Amino acid sequence: MQTLAELFESTLKDVYYAENAITKSLPKVSKAVKSPELKKALDHHLEETKGQIESLKKVFKTINVKPSGEKCDGTDGLLKEADGVIEESKGVALDAGVLAACQAVEHYEIARYGSLREWAKVLGNEEAHILLSEILDQEKAANSTLTNLAVTKINH
């Protein structure tokens with residue numbers, strides 16, 4: 001990659017792959033947790049993630065590129081970590097560990113979407129900027145929900 005446009009496209013493919021991988025992973029994660037509030041938050045974010053995939057397809061359209069994913073080692077590693085927590089943890093540690101693993105995913109997504117949004121702005125792609133801003137806001141809200149659950153219910 002040599003241009004910001006090439007970096008934008010590559011990173012867009014990265015998050016498209018990530019969101020699809022997360023969509024496949026979240027039902028298993030939701031099923032594993034014991035807290036009804038955490039399960040509800042994960043199920044809600046699964047539905048949001050499906051909508052984010054649709055928004056990403058629109059972003060691809062703004063750059064005349066067919067939506068496709070590019071393997072994301074970062075997301076794969078974070079999802080593998082969540083699987084490990086599920087396999088190795090019980091009791092209070094299970095929900096607290098899963099919540100922490102989910103926040104790691106959210107933080108990764110916040111970093112990616114923050115960059116993509118700003119690159120879209122620099123590239124003069126207003127529609128992508130708006131769509132990516134909406135996704136970024138959802139990711140920040142999901143992280144806030146998880147933080148609130150950790151502080152008020154899970155980490156006790």
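Being a predicted model, the structure only gives us computed values, none of them experimental.

Caption draft 1: Local environment of the overall build of the chain. When its secondary structure is counted, the chain shows five helices and zero strands. Overall, the chain shows an N-to-C arrangement of helices and strands of α-α-α-α-α. Relative to the 2.2 N^0.38 estimate, which gives 15 Å for 156 residues, the radius of gyration of the chain is 16 Å and therefore close to what a compact globule would have. Its C-alpha atoms give the chain principal-axis dimensions of about 50 × 25 × 20 Å.

Caption draft 2: The arrangement of the packing of helix α1 (residues 4-32) against helix α4 (residues 91-122) in detail. Contact geometry for α1 and α4: axes closest at 10 Å, N-to-C directions at 160°. Between α1 and α4, the crossing angle belongs to the class labelled roughly antiparallel. Crossing of α1 over α4 shows left-handed handedness. From α1, L4, L7, F8, T11, L12, D14, V15, E19, I22, V29 and A32 reach across to α4, where they touch L94, V98, C102, V105, Y108, E109, R112, Y113, L116, W119, A120 and V122.

Caption draft 3: Main features of the packing of helix α3 (residues 73-88) against α4. Contact geometry of α3 with α4 gives a least axis separation of 9 Å together with a crossing angle of 175°. Considered as vectors, α3 and α4 are oriented roughly antiparallel to each other. Contacts between α3 and α4 involve G74, T75, L78, L79, A82, V85 and I86 on the former and, on the latter, L94, G97, V98, A101, A104, V105 and Y108. Residues that form the contact of α3 with α4 fall into these classes: 11 nonpolar, three polar and no charged.

Caption draft 4: Broad picture of unusual backbone geometry. Look at N64: it is not a glycine, yet its phi comes out positive at around 55°. Note that N64 resides in the loop between α2 (36-62) and α3. When its relative accessible area of 74% is taken as the criterion, N64 is described as exposed.

Caption draft 5: Structural view of the side chain of S10. With respect to the element layout, S10 can be found in helix α1. With residues up to four places along the chain from it excluded, the contact list for S10 reads M1 and E70.

Conventions adopted
Residues numbered from 1 in each chain as written. Predicted model: local features only at pLDDT ≥ 70, side-chain atom pairs only at ≥ 80, totals over all residues. Heavy atoms only, no water. Helix = DSSP H or I, 4+ residues; strand = E, 2+ residues; numbered from the N terminus. Rg over C-alpha atoms; globule rule 2.2 N^0.38 Å. Axes fitted to C-alpha atoms, helices over the stretch in contact; angles between N-to-C directions. Parallel < 35°, antiparallel > 145°, perpendicular 65-115°, else oblique. Left-handed = near helix turned anticlockwise from the far one by under 90°. Contact = heavy atoms within 4.5 Å. Nonpolar A, V, L, I, M, F, W, Y, C, P; charged D, E, K, R; others polar. Buried < 20%, exposed > 50% of the residue type's maximum accessible area, 1.4 Å probe, protein only.

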